[in-house]
Amino acid sequence: MMYRPQLPTVFTIGRVLALIGTVLAALCTAPLETFESAAGVFVRTAAPTVVTVGLVMIIEAQMRLLGVLDLIQRIADKVGVKLGLFAVPALLGLIPATAGAKLSAGIVAALGERLDVSGRRLAAINFWFRHVNIFCNPLIPGVILAAGIADMSPGTIVRWGVPMAVISSCVGALFFLRGLRRRPDERRFDPVETPPPRQEDEFASERRGDVPFILFLTLAVAAALFTTLPLPLLLSAPVALGLFYLRGQIKLLRKAIQWRLIVEIVCILWFAATIRSTGHLDALAAFLDDNFTSPLAALMAASFVVSFVTGACLPSASIVMPVAVGTFPGNELMVYLTLAAGFVAQFFTPTHLCLVVSAEAFQTTAVRLAASMFIPLMLSILVCWGIFAVFPLF
C-alpha cells in the first residue's frame, strides 16, 4: 500500500521533474507553442486528479473520526477468527494511509492470540490481505496520478487488476489461513497501539454514521471499477455523508488535506504535460521499439526498480508512466501492467513502511516477512498470467 513519505523541503521529485520539463519545453524550437500545448494537457488532467486525491485524504480522516476501525473490530469478533484475519486488513486497506498496516495490526494481533501461529505468519496475513487490493484499488494516489498522466479514468485502468486481486486473495488464504488452530490463552505479542475506544455516549451521532459511510465508500469503489462515472463524482457521496455525520467536528478535518503532497502531484502532472508536448516521449518510444525486444518489459522493469528503491508507487508512476503513455498511447492494459510492476515491488522492498510496520508488530524481520510472501505472489502472478493467456480478451 502506498504511504505518504516525508517530502524534502525544497528538492522533491515532483519539483525537480517540473523544472526539467519546463527547461526542456523552453529549449524547443517553438517554445511558445510547446508551452501552450502543455498548458492544455495540464489543465485537462490536473483538476480531476487533484480533486480526487483531496477527496481520498478527506475520506481517510473521516474513517478515523467516524470510528470505522471500531466497527471493523466488532465485526471481526463476530464473524470468526479466520474470516476476521482476512476481512480486517482487506477493509482497512481500502483507503491508503500513512503506515496503514499499523491500523490493522492491532486487531490481527488480538485475533492471533487465539491461534497456534507464528509471528511471521501473522505479519504476512496483516500485510498480504491489506495489500492485495492494491492491484484493483482506484483510490491509491499513485493510481490516480497515473490515470491523470494517461488521461484515463482510474477505474478503467485498475479493473484489469481485479483477477489478480481475487487470485492473490485465494492464494493467500491457501498459504496463510489454511490449517490455523486455536491455542491456550497466552499473550505472545506486545500490544499494538490502536485508537482508544470512545465512550458510548461520546460522538453518538458520528458513531451511527460508521456503517452507512463504509457502505457508501464500498459502493463508490465498485462503481469506479465497473462504470465510467468520474471518480470525483463517485467519491463525493461518501464525503458528503461523512460531513453530515461529522458536522459538529468539521474543525478536525481541516488538517486532512496534505498540501505538500498535492503540490507534488501538480508538479508531476506539469512535467508529464511538458514532456509530452516537447516530442521527447515519441523519440523515447521509438528508441524502446528499436533497441528492446519488448518495450513493455523494459517499462515494467523500470517501474519495479523505482518502486523498490522508493517504497511507493507515486514516484514510479511519475517517472515511468509518461514513457509508458508515449509508447502505448491509449492502451489501458499496457498502462496497468507498467503500474502493476511497481505494486509487486512493494511486497519485497524494505523501504515500504507497511512492510516494516507489519514485521515489527509481530516480532519478525522485514526480510523474513518478504521471503514468506515470495512464493504466494509468484504463484498468483503465474495463475493470473495463465488466465490472460487463455482468455486474451478478458
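Quantities reported herein were computed from a predicted structural model and do not represent experimental measurements. (Residues numbered from 1 in each chain as written. Predicted model: local features only at pLDDT ≥ 70, side-chain atom pairs only at ≥ 80, totals over all residues. Heavy atoms only, no water.)

## Concerning the overall build of the protein chain
Right, on to step 1. Each helix and strand counted, the protein chain has 19 helices and zero strands in total.
Right, on to step 2. Taken across its 394 residues, the protein chain has 55% of its residues classed as buried.
Right, on to step 3. Looking at the protein chain alone, contacts between residues at least 24 apart form 84% of all its contacts between residues at least 6 apart.
Right, on to step 4. Accessible surface, the protein chain as shown: approximately 17600 Å² in total, 68% of it carbon and sulfur. (Helix = DSSP H or I, 4+ residues; strand = E, 2+ residues; numbered from the N terminus. Buried < 20%, exposed > 50% of the residue type's maximum accessible area, 1.4 Å probe, protein only. Contact = heavy atoms within 4.5 Å. Areas by Shrake-Rupley, 256 points an atom, 1.4 Å probe, with all protein chains shown as cover.)

## What about the environment of Ala 147?
Right, on to step 1. Secondary-structure assignment places Ala 147 in helix α7 (residues 141-150).
Right, on to step 2. The exposure class assigned to Ala 147 is buried, which follows from its relative accessible area of 1%.
Right, on to step 3. Residues in contact with Ala 147, not counting those within four places in the same chain, are Met 152, Ser 153, Pro 154 and Ile 157.

## A look at a nonpolar patch on the surface
Right, on to step 1. Together, Leu 174, Phe 175, Phe 374, Ile 375, Leu 379 and Val 383 make up a nonpolar patch on the protein surface, roughly 510 Å² of accessible area in all.
Right, on to step 2. The set of elements that each furnish at least two residues to the nonpolar patch consists of α9 (162-177) and α19 (366-390).
Right, on to step 3. Per-element tally for the nonpolar patch: the top contributor is α19, with four residues.
Right, on to step 4. Along the chain, the position of Phe 175 falls in helix α9. (Patch = residues over 30% accessible without salt bridge, like charges linked within 9 Å, V, L, I, M, F, W, Y side chains within 5 Å. Salt bridge = Lys/Arg side-chain N within 4 Å of Asp/Glu carboxyl O.)

## Considerations on the environment of Val 162
Right, on to step 1. Within the element layout of this structure, Val 162 appears in helix α9.
Right, on to step 2. Val 162 has contacts with Cys 136 and Leu 225, leaving out every residue within four places of it along the chain.

## Some thoughts on the pattern of salt bridges
Right, on to step 1. In the structure shown here, the tally under the stated rule is one salt bridge.
Right, on to step 2. Across the salt bridge formed by Asp 151 and Arg 44, the nearest N and O atoms sit 2.9 Å from each other. Of this pair, Asp 151 sits in the loop between α7 and α8 (154-158) while Arg 44 sits in helix α2 (residues 31-65); the two residues are 107 residues apart in sequence, bridging distant segments of the chain.
Right, on to step 3. We classify Asp 151 as partly exposed; its relative accessible area is 40%.
Right, on to step 4. By relative accessible area, Arg 44 is classed as partly exposed at 43%.

## Structural notes on the side chain of Gln 62
Right, on to step 1. By the element assignment, Gln 62 lies in helix α2.
Right, on to step 2. Assessed through its relative accessible area of 0%, Gln 62 is described here as buried.
Right, on to step 3. With near-sequence residues (within four places) excluded, Gln 62 lies in contact with Phe 213, Pro 238, Val 239, Gly 242, Leu 243, Leu 246 and Leu 253.

## Brief notes about unusual backbone geometry
Right, on to step 1. The phi angle at Asp 151 is positive, at roughly 60°, despite the residue not being glycine.
Right, on to step 2. Positive phi, normally seen in glycine, also occurs at Gln 363, with a value near 55°.
Right, on to step 3. Mapped onto the secondary structure, Gln 363 falls in the loop between α18 (353-361) and α19.

## A word on the nonpolar core
Right, on to step 1. Core analysis: the biggest nonpolar cluster contains 119 residues, and Leu 85, Phe 135 and Met 373 have the highest contact counts within it.
Right, on to step 2. Here this core takes twelve residues from α2, the largest share from any one element.
Right, on to step 3. Excluding anything up to four places from it in sequence, Leu 85 contacts Val 108, Leu 111, Leu 115, Leu 122, Ile 125, Phe 129, Leu 177 and Leu 180. (Core = buried A, V, L, I, M, F, W, Y, C linked by side-chain atoms within 4.5 Å.)

## Concerning the packing of aromatic side chains
For any pair of aromatic rings, geometry is given as the distance between the ring centres together with the angle between the planes.
Right, on to step 1. If you walk through the whole model with that rule in mind, you get eleven aromatic pairs.
Right, on to step 2. Summarising the aromatic geometry, the rings of Phe 42 and Trp 270 are spaced 5.7 Å apart at their centres and angled 85° between planes, so their arrangement reads as edge-to-face. Of this pair, Phe 42 sits in helix α2 while Trp 270 sits in helix α13 (residues 259-278), and the two are 228 residues apart along the sequence.
Right, on to step 3. By the ring-pair criterion, three or more aromatic residues cluster together here, those being Phe 127, Trp 128, Phe 135, Phe 176, Phe 343 and Phe 347.
Right, on to step 4. The residue whose ring lies beneath Arg 247 is Phe 244, and the NZ or CZ to ring-centre distance is 4.5 Å. (Phe/Tyr/Trp six-rings, centres within 6.5 Å; stacked < 30°, edge-to-face > 60°. Lys NZ or Arg CZ within 6 Å of the ring centre and 35° of its normal.)

## Here we look at the environment of Met 321
Right, on to step 1. Structurally, Met 321 is set in helix α16 (residues 313-327).
Right, on to step 2. As for Met 321 and Ile 149, which are separated by 172 residues in sequence, their C-alpha atoms are 7.0 Å apart.
Right, on to step 3. With residues near it in sequence (within four places) discarded, Met 321 still touches Ala 146, Ile 149, Ser 316, Val 335, Thr 338 and Leu 339.

## A short note on the confidence of the model for the protein chain
Atomic detail in the predicted coordinates should be set aside for any region of low pLDDT.
Right, on to step 1. When pLDDT is averaged across the protein chain, the result is 80; 85% of the residues are at 70 or more.
Right, on to step 2. Per-element averaging of pLDDT across the protein chain places helix α10 (residues 204-207) at the bottom with 48 and α9 at the top with 92.
Right, on to step 3. Note that pLDDT drops below 50 for residues 1-8; the model gives that stretch 39 contacts with residues more than four away or on any other chain.
Right, on to step 4. A low-confidence stretch, residues 197-206 stays under pLDDT 50, and its non-local contacts, those more than four residues away or across chains, total 14 contacts. (pLDDT = per-residue confidence, 0-100.)

## Quick word on the packing of helix α15 (residues 295-310) against helix α17 (residues 332-345)
Right, on to step 1. Interhelical geometry of α15 versus α17 gives an angle of 35° and a closest axis separation of 7 Å. The element α15 and its partner α17 pack so that their crossing is right-handed. Of α17, the residues touching α15 (which contributes Leu 296, Leu 299, Met 300, Ser 303, Phe 304, Ser 307 and Phe 308) are Met 334, Leu 337, Thr 338, Leu 339, Ala 341, Gly 342, Val 344 and Ala 345.
Right, on to step 2. Classifying every residue of the contact of α15 with α17 gives eleven nonpolar, four polar and no charged. (Axes fitted to C-alpha atoms, helices over the stretch in contact; angles between N-to-C directions. Left-handed = near helix turned anticlockwise from the far one by under 90°. Nonpolar A, V, L, I, M, F, W, Y, C, P; charged D, E, K, R; others polar.)

## Focus: α15
At 3.6 residues per turn, the α-helix brings residues three or four places apart onto the same side.
Right, on to step 1. Over its 16 residues, α15 extends 23 Å from the first C-alpha to the last, a length consistent with the 22 Å expected when each residue adds 1.5 Å.
Right, on to step 2. With its phi angle positive at about 80°, Gly 311 sits one or two positions after the end of α15. (Expected span 1.5 Å × (residues − 1).)

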